[in-house]
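Descriptive analysis of the structure
As a plain string of letters, each chain reads:
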Amino acid sequence: MTTREIEQIIDEIDINGQPPAKEPERQYYYMAKCRQQVEKESEKLGRTLTASVNTFGCQMNARDSEKIVGILEIIGYKIIEEEDADFVIYNTCTVRENANLKVYGHLGYLKKVKKKKPHMRIALCGCMMQEDVVIEKLQKSYNFVNLIFGTHNIFKFAELLYTCMISDRMVLDIWKDTNQIVEDLPSERKYTFKAGVNIMFGCNNFCSYCIVPYVRGRERSRNPKDIIKEIEALVADGVVEVMLLGQNVNSYGKNLENPISFAELLQEIEKIEGLKRIRFMTPHPKDLSMELIEVMKNSKKICNHLHLPVQAGSSRLLKIMNRKYTKEQYLELVDKIKESIPGISLTTDIMLGFPGETEEDFEETLDVVRKVRYDSAYTFIYSKRTGTPAAQMENQIPENVVKERFNRLLKEVQAISAELTKEDEGTVQEVLVEGINEHDAELLTGRLSNNLLVHFRGEKNLVGELAMVRLTECKGFYYMGELI
Ligand code: SAH
Ligand code: SF4
Ligand code: F3S
């Protein structure tokens, strides 16, 4: 459903009637209630109420924030970038401790702002809110926060916000898990020409270091019909590239009433006319199928890029991490992929300093990096997450040892990455023009199928279009180019 269609429904709602029990109708009702309240408060202030949504973490969270912004806009808030709006929302991440600490830092600042601006509302949501210790701390030391909700009940945002608007106490609603997926809620897209689309929620893998399964709940897939319908509507609205989102896209569809594989879903999406590019994140190496490789090979729309997180090279560590593949199996898989799809760009996530990591284990990781030759790699230092099995493990690695390994790894990754980028210098490639260059307004920035960026001269009306560009000069991790 488009935002306009939802707006029309909301216009016709009798807000003095009873709230419907069914979703999403119930939320439409509360959007209408909130809208009236925002109007009242704006009138009192003599200007439109402002809201800012601050997002931490991964693309799932970014997508969730678009849903929050969609609702805020419908109910009449003006969205601004500044952190000290009338309504400030933090959509939090807790995958590593520093993501978590940042939020407390921001709250410290907001406490001061709120003292001067008592009508200000502050809401916290996202993964961090699913942790009991966090909620305890917030209730004890951050009682100026007005609204707290989690990852499972984000669809209820309008209802919770209304409760918050008519109460002067902290409103707190956290669900342990859910199997509910509510469709047809509004959402505001950050870009006009590309969009993230959730295909599944949650994760069942329980890698021993990772908190995501605890804060995002069990795996559940959206109905393929709903996904296709959403993408068709996006395309009708000008989108040419979609990024399909899930913590482990390979297990998409397994638990649906009519099971369907991820590869089959991709084939259905490929048929959508007007859609030009398909990306997805993240496949798990343990169950990446030959079927998927074949579909990628034969597709005209799936981008020439696969993000395949390895985490570590040592089979011993991979076992303790509960990744369910060995170094040899991973390398075999990479060989198959490279054989079937020559020239594919491979990227990865690597974690260093997992409990018990020895110099030999680390050498195995370097060995994988050298053998696979990743186009790029996200490198993380292991962060202990309370409640995960790894947090209980002995042999946590001292920081200085990890840092030293981190630097050695980075050097290796960057050297290979620069070599690979250089190989494409001089070629002509199709890019999606994503915007005007941040540092030089004369230049446009485009994204290659392999996910790298190129800057080139061009008219700004090309933004959102596909264009052919010659990669004239490699600059390490990006290119300078010229429009053909
Ligand atoms: N579902 C994806 C990853 C999601 S989290 C997958 O399985 O690949 C993104 C990345 O954060 C992970 O790939 C991992 O490298 C990193 N990560 C997860 N938990 C972490 C932790 N406790 N400390 C450091 N990095 C972590
Ligand atoms: Fe975390 Fe593993 Fe699930 Fe990825 S697959 S989200 S790393 S538990
Ligand atoms: Fe962070 Fe939650 Fe994503 S913990 S990485 S925002 S799923």
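Up top is the structure these notes are about.
The following refers to the structure shown. (Residues numbered from 1 in each chain as written. Chains lettered and ligands numbered in written order. Predicted model: local features only at pLDDT ≥ 70, side-chain atom pairs only at ≥ 80, totals over all residues. Heavy atoms only, no water.)

**A look at the overall build of the protein**
Counting its regular elements, the protein contains 14 helices and 19 strands. Its C-alpha atoms give the protein a radius of gyration of 24 Å, within 12% of the compact-globule value 23 Å for 484 residues. The principal-axis extents of the C-alpha atoms in the protein amount to approximately 65 × 55 × 50 Å. Relative to its 484 residues, the protein shows a buried fraction of 55%. Of the roughly 22,800 Å² of accessible surface on the protein, 48% is carried by carbon and sulfur atoms. Computing the positive centroid from 65 side-chain charges and the negative centroid from 73, the protein places the two 4 Å apart. (Helix = DSSP H or I, 4+ residues; strand = E, 2+ residues; numbered from the N terminus. Rg over C-alpha atoms; globule rule 2.2 N^0.38 Å. Buried < 20%, exposed > 50% of the residue type's maximum accessible area, 1.4 Å probe, protein only. Areas by Shrake-Rupley, 256 points an atom, 1.4 Å probe, with all protein chains shown as cover. Lys, Arg positive; Asp, Glu negative; His and termini not counted. Charge placed at Lys NZ, Arg CZ, Asp CG, Glu CD.)

**Digging into the packing of aromatic side chains**
Here the structure, examined in full by the defined rule, presents 15 aromatic pairs. An angle of 45° between the planes, with centres 6.2 Å apart, marks the rings of Phe56 and Tyr90 as tilted. Of the two residues, Phe56 is situated in the loop between strand E1 (50–55) and helix H3 (59–74) and Tyr90 in strand E3 (residues 87–92); the sequence distance between them amounts to 34 residues. Plain terms: the ring middles of Phe155 and Trp175 are 5.7 Å apart, the flat faces sit at 75° to each other, and that makes the pair edge-to-face. Of this pair, Phe155 sits in the loop between strand E5 (147–149) and helix H6 (157–165) while Trp175 sits in the loop between strand E6 (171–173) and strand E7 (194–198), and the two are 20 residues apart along the sequence. Overall, the relative accessible area of 9% leaves Phe155 in the buried class. Taken together through their ring pairs, the aromatic side chains of Tyr77, Phe87, Phe149 and Phe157 make up a single cluster. In this structure, Lys137 packs its charged tip against the face of Tyr104, placed 4.0 Å from the ring centre. The ring of Tyr191 carries the charged tip of Lys194 above its face, separated from the ring centre by 4.8 Å. (Phe/Tyr/Trp six-rings, centres within 6.5 Å; stacked < 30°, edge-to-face > 60°. Lys NZ or Arg CZ within 6 Å of the ring centre and 35° of its normal.)

**Here's the deal with the environment of Tyr29**
Structurally, Tyr29 can be placed in helix H2 (residues 25–45). In sequence terms Tyr29 and Ala415 are 386 residues apart; their C-alpha atoms lie 56 Å from each other.

**Observations concerning the sheet that holds strand E18 (residues 466–474)**
Pairing within the closed barrel is mixed, and its five strands lie in the order E15-E16-E17-E19-E18. Across the sheet, the axes of successive neighbouring strands diverge by a mean angle of 50°, strand direction being ignored. Two elements, strand E17 (residues 453–457) and strand E19 (residues 478–483), share four bridges in a ladder whose sense is parallel. Pairing of Leu453 across the sheet is with Tyr478, part of E19. (Pairing = 2+ DSSP bridges. Axes fitted to C-alpha atoms, helices over the stretch in contact; angles between N-to-C directions.)

**Focus: the packing of helix H1 (residues 3–11) against H2**
Direction vectors running N to C along H1 and H2 enclose 75°, while the axes themselves pass 9 Å from each other. The angle between H1 and H2 places the two elements in the roughly perpendicular class. Taken together, the residues of H2 that come into contact with H1 (itself represented by Ile6, Ile9, Ile10 and Asp11) are Tyr28, Met31, Ala32 and Arg35. A class-by-class count of the residues in the contact of H1 with H2 yields six nonpolar, no polar and two charged. (Parallel < 35°, antiparallel > 145°, perpendicular 65-115°, else oblique. Contact = heavy atoms within 4.5 Å. Nonpolar A, V, L, I, M, F, W, Y, C, P; charged D, E, K, R; others polar.)

**Details of the site of ligand 2**
In the vicinity of ligand 2, the contacting residues are Cys203, Asn205, Phe206, Cys207, Tyr209, Cys210, Val212, Pro213, Gln247, His284 and Arg323. Along the lines of polarity and charge, the residues of the shell around ligand 2 split into seven nonpolar, three polar and one charged. (Near = heavy atom within 4 Å.)

**Some remarks on the site of ligand 1**
Lining the immediate environment of ligand 1, one finds 15 residues, of which Gln247, Pro309, Gln311, Asp349 and Ser383 sit closest. One of the side-chain N or O atoms of Gln247 is found 2.8 Å from a nitrogen atom in ligand 1. Bound to the protein, ligand 1 loses 90% of the 540 Å² it would expose on its own. (Polar contact = N/O pair within 3.5 Å; in protein donor to acceptor, adjacent residues only side chain to side chain.)

**A look at a negative patch on the surface**
On the surface, Glu328, Glu332, Asp335 and Glu339 cluster together into a negatively charged patch. Here Glu328 shows up in helix H12 (residues 327–340). (Patch = residues over 30% accessible without salt bridge, like charges linked within 9 Å, V, L, I, M, F, W, Y side chains within 5 Å. Salt bridge = Lys/Arg side-chain N within 4 Å of Asp/Glu carboxyl O.)

**Looking at the side chain of Glu230**
Within the fold, Glu230 resides in helix H8 (residues 224–236). If near-sequence neighbours (up to four positions away) are discounted, Glu230 is found in contact with Arg63, Gly196, Val197 and Arg222.

**What to know about a nonpolar patch on the surface**
Together, Val428, Met468 and Ile484 give the surface a local cluster of nonpolar side chains, amounting to about 260 Å² of exposed area. With respect to the helices and strands, Val428 occurs in strand E15 (residues 428–436).

**A closer look at H12**
Taking 1.5 Å of rise per residue, 14 residues should cover 20 Å, and H12 covers 20 Å from first to last C-alpha, within 8% of that figure. Three or more residues of H12 are buried, namely Lys327, Tyr330, Leu331, Leu333, Val334, Ile337 and Ser340. Tucked into the core, H12 has its buried residues touching helix H10 (290–298), strand E12 (305–307), helix H11 (315–320), strand E13 (345–352) and helix H13 (359–372). (Expected span 1.5 Å × (residues − 1).)

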